[in-house]
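Structural characterization, general
So you can see what is in the structure, the chains are spelled out below.
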Amino acid sequence: MPLSLLWLGLTLLGALQTQARRHTPDLIPAPPLLRVPLQPDFQHDKFQGKWYVIGLGGNAVSKEQGQFKMYATTYELKEDGSYNVTSTLLKNEDCYHWIRTFVPSFLPGQFNLGNIKSFPDLHSYTVRVAATNYNQFAIVFFKKVTKNQEYFKTTLYGRTKELTTELKERFVRFAKSLGLTDDHIIFSVPIDQCIDDA
């Protein structure tokens with residue numbers, strides 16, 4: 001009897017997983033990296049430092065999620081040309097720090113996630129600086145390939161919490177050039193907690 005209950009449970013679990021996969025919304029396909037611009041003559045040292053996340057667009061981002069609280073990401077350049085990258089977020093009234101390493105690829109301004117073997121479901125994770133003037137804004141593209149899906153997003157960084165309307169419009173045009181729609185582009189609500197200490 002217990003064995004038959006176990007088989008029944010496993011069968012139901014399999015059916016639920018299949019149903020869940022069928023109801024996963026189709027994602028906008030990720031563009032090939034060759035279609036994503038790369039900042040000419042990328043300057044590693046000038047890009048390092050703290051950036052505020054002003055805007056976000058992606059194939060798993062939806063306006064229905066509403067606005068999100070601003071967070072900060074700090075790029076710390078290491079001697080080998082890689083970055084220690086720390087994102088600081090306010091989550092449930094606590095400060096949360098997410099740390100990873102971006103290792104340079106053969107193209108200046110393009111990086112791969114370091115220690116990717118720690119993430120068994122992750123096949124690749126590419127970061128590409130599409131545009132920046134280093135002291136005001138940056139537009140960065142991220143592409144994550146898992147066993148079942150390709151996710152991509154683009155982020156508008158600012159050295160300050162506010163950017164001009166022109167820069168926000170430029171970001172929207174860039175996100176749309178990747179195949180995203182207005183429904184996939186959101187902007188953050190500036191906050192002071194956590195991110196000013198980062």
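Definitions and cut-offs
Residues numbered from 1 in each chain as written. Predicted model: local features only at pLDDT ≥ 70, side-chain atom pairs only at ≥ 80, totals over all residues. Heavy atoms only, no water. UniProt positions renumbered as here; feature names shortened; annotations may be inferred. Helix = DSSP H or I, 4+ residues; strand = E, 2+ residues; numbered from the N terminus. Buried < 20%, exposed > 50% of the residue type's maximum accessible area, 1.4 Å probe, protein only. Contact = heavy atoms within 4.5 Å. pLDDT = per-residue confidence, 0-100. Phe/Tyr/Trp six-rings, centres within 6.5 Å; stacked < 30°, edge-to-face > 60°. Disulfide = S-S within 2.5 Å. Pairing = 2+ DSSP bridges. Expected span 1.5 Å × (residues − 1). Arc of directions from axis to C-beta.

The protein is annotated in an unreviewed UniProt entry as Neutrophil gelatinase-associated lipocalin of Trichechus manatus latirostris. Per its UniProt entry, the protein bears the Sequence similarities (unreviewed entry) comment "Belongs to the calycin superfamily. Lipocalin family." UniProt lists a comment for the protein under the heading Subcellular location (unreviewed entry), and it reads "Secreted".

A few points about the overall build of the protein
Along its length, the protein carries three helices and ten strands. Out of the 198 residues in the protein, the part that is buried amounts to 40%. Taking the contacts inside the protein whose residues are at least 6 apart along the sequence as the reference set, 56% of them involve residues at least 24 apart.

Notes on the confidence of the model for the protein
Residues of the protein with pLDDT of at least 70 account for 87%, and the chain-wide mean is 88. Low pLDDT (under 50) marks residues 1–24, which in the prediction has one contact with non-local residues, meaning those over four places away or in another chain.

Thoughts on the packing of aromatic side chains
In total, this model carries 16 aromatic pairs according to the counting rule given. An angle of 90° between the planes, with centres 5.4 Å apart, marks the rings of Tyr75 and Tyr83 as edge-to-face. For the pair Phe171 and Phe187, a centre-to-centre distance of 6.0 Å together with 70° between the ring planes defines the contact as edge-to-face. One end of the pair, Phe171, is in helix 3 (residues 165–177); the other, Phe187, is in strand 10 (residues 185–189), and 16 residues separate them in sequence.

Describing the state of the cysteines
With the rule as written, the count across this model stands at one disulfide. In this model Cys95 forms its disulfide with Cys194; the gap between the sulfur atoms is 1.9 Å. Every disulfide takes its handedness from the sign of the S-S torsion; for Cys95 and Cys194 that torsion is -95°, giving left-handed. Taken together, the residues span a long stretch of sequence, with Cys95 in strand 5 (residues 94–104) and Cys194 in the segment after strand 10 at a distance of 99 residues.

Topic: the side chain of Thr146
Structurally, the position occupied by Thr146 is in strand 8 (residues 137–146). Taking relative accessible area as the criterion, Thr146 reaches 19% and is therefore assigned buried. If we skip the residues at most four places from it in the chain, Thr146 touches Asp121, Leu122, His123 and Tyr151.

Overview of the pairing of strand 1 (residues 49–58)
Counting buried positions over the ten residues of strand 1 gives eight, a clear majority of the element. Looking at chain direction, strand 1 and strand 3 (residues 72–77) are connected through four bridges and run antiparallel. If you follow Gly49 over to strand 3, its bridge partner there is Tyr75. As judged from the six bridges shared by strand 1 and strand 9 (residues 150–158), these two strands associate in the antiparallel manner.

A closer look at the environment of Gly81
Relative to the helices and strands, Gly81 is located in the loop between strand 3 and strand 4 (83–91). Excluding residues that lie within four positions of it along the chain, Gly81 makes contacts with His44, Pro104 and Phe111.

Quick look at helix 3
Over its 13 residues, helix 3 runs 18 Å from end to end, which matches the ideal 18 Å to within 8%, given 1.5 Å per residue. Leu167, Phe171, Val172, Phe174 and Ala175 are the residues of helix 3 that are buried. With its buried residues spanning 160° around the axis, helix 3 presents them on a single face. Pointing more than 90 degrees away from the buried face of helix 3 are the exposed residues Glu166 and Arg173. In this fold, the buried residues of helix 3 make contact with strand 1, strand 7 (122–132), strand 8, strand 9 and strand 10. In the segment just after helix 3, Gly179 is the residue with positive phi, at about 100°.

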